[in-house]
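Tertiary structure, described
Each chain, letter by letter, is given below.
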Amino acid sequence: NEKDILNIGSFKFCSPGLVLDIRMSPAGTTFAALYSKGSGRDVSVYSYIDGKAKYTFRLMETPTAIAYTANARQLCIGTTGREIQIYNTSDFSLVRTLPIAVAPRKIALSNNGYFIAVSDEQILYVVNMETGRVRKVLELESNVNHIAFSPDNEKMAVLTENGLLHLYETKTFAVTATYEGMSD
């Protein structure tokens, strides 16, 4: 049984399994952890004050990625069922399910809540959060390690395993710059 012990704030957090991803709520009161446990995976939300579990999601499909919306009102969970499940963070109710073309490894949301970027290895989909329509499909030379939107939502950065950092403007998602030699 693999477990992780993490120092978070003033307490030690002992996960029920190996932590695969962890996201702090922008509100600063909770954090979500995606972890493997035995042959499965789970997502739980914990209090940032004492590290105690507030909620564990019971998902039909295996979770693959997590992200909070910028206003901290929703938690997005990507699954092997090729969907993003969007939950209300106050009562953990399912708000909506957004079907997508891949089982996401990475998820990033724009600060204005307009875009959700989802990657599966080397393909990145930018989806309009409101309509669910794919806005852009980007095929990259290497697996996606990180995705981030600028605070003004005018740029998106994509870091790939081969050390390239691509910057895109968010009107047409054209590349505005590429930097070499970047890494995690």
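These remarks concern the structure in this document. (Residues numbered from 1 in each chain as written. Predicted model: local features only at pLDDT ≥ 70, side-chain atom pairs only at ≥ 80, totals over all residues. Heavy atoms only, no water.)

**A few points about the pattern of salt bridges**
Working definition: two side chains of opposite charge can pair if their charged atoms are close together. For clarity, the cut-off: We count a salt bridge whenever a side-chain nitrogen from Lys or Arg sits within 4 Å of a carboxyl oxygen from Asp or Glu. Each residue's exposure class comes from its accessible area (1.4 Å probe, protein chains only) as a fraction of the maximum for that residue type: buried when under 20%, exposed when over 50%, partly exposed otherwise. In this text, helices come from DSSP runs of H or I with a minimum length of four residues, and strands from runs of E with a minimum of two, each type numbered from the N-terminal end.
All chains considered together, the criterion is met by 2 salt bridges. Here Arg23 and Asp21 are joined by a salt bridge, their closest N and O atoms 3.2 Å apart. Note on Arg23: relative accessible area 27%, which makes it partly exposed. Here Asp21 falls in the buried class, since its relative accessible area comes to 18%. Of the charged contacts, one joins Arg105 and Glu121 as a salt bridge, the two residues approaching to 3.3 Å between their closest N and O atoms. Here Arg105, found in the loop between strand E10 (94–99) and strand E11 (106–109), pairs with Glu121, found in the loop between strand E12 (115–120) and strand E13 (123–128); they are 16 residues apart in sequence, far enough to count as distant.

**Some details on the pairing of E12**
Convention followed: In this description, strands pair whenever DSSP reports at least two bridges between them.
Where burial is concerned, most of E12 is hidden: 5 out of the 6 residues are buried. For E11 and E12, the ladder comprises 4 bridges, and the chain directions are antiparallel. Bridging from a neighbouring strand, Ala108 pairs with Ala117 of E12. Count of turn residues in the E11/E12 antiparallel hairpin: 5 residues, of which Gly113 carries a positive phi of about 75°. Where E12 folds back onto E13 in an antiparallel hairpin, the turn is made up of 2 residues, including Glu121, whose phi is positive at roughly 65°.

**Observations regarding the pairing of E10**
Alignment of strand E9 (residues 83–88) against E10, held across 5 bridges, turns out to be antiparallel. Following the sheet pairing, Ile86 is matched in E10 by Arg96. Between the end of E9 and the start of E10, which pair antiparallel, lie 5 residues, with Phe92 showing a positive phi angle near 65°.

**Some thoughts on the layout of surface pockets**
The condition that has to hold: Buried and open spaces are told apart on a 1 Å grid over the protein atoms alone, a cavity being a set of points where a 1.4 Å probe fits but cannot get out and a pocket being an open set with protein on both sides within 12 Å along at least five of seven lines. Residues with an atom within 4 Å of a point are the lining residues. Grid points are joined across faces, edges and corners, and a volume is the space filled by probe spheres set on the points.
Estimated volume of the largest pocket: approximately 320 Å³. As for the largest pocket, its lining consists of 17 residues, of which Arg23, Ile107, Ala108, Leu109 and Ile147 are closest to the centre. Elements supplying a minimum of two residues to the lining of the largest pocket: strand E3 (18–24), strand E7 (63–68), E11 and strand E15 (144–149). For the lining of the largest pocket, the leading source of residues is E15, giving 5 residues. A volume near 160 Å³ is recorded for the second largest pocket. As for the second largest pocket, its lining consists of Leu20, Asp21, Arg23, Leu34, Arg41, Thr64, Ala103, Pro104, Arg105 and Lys106.

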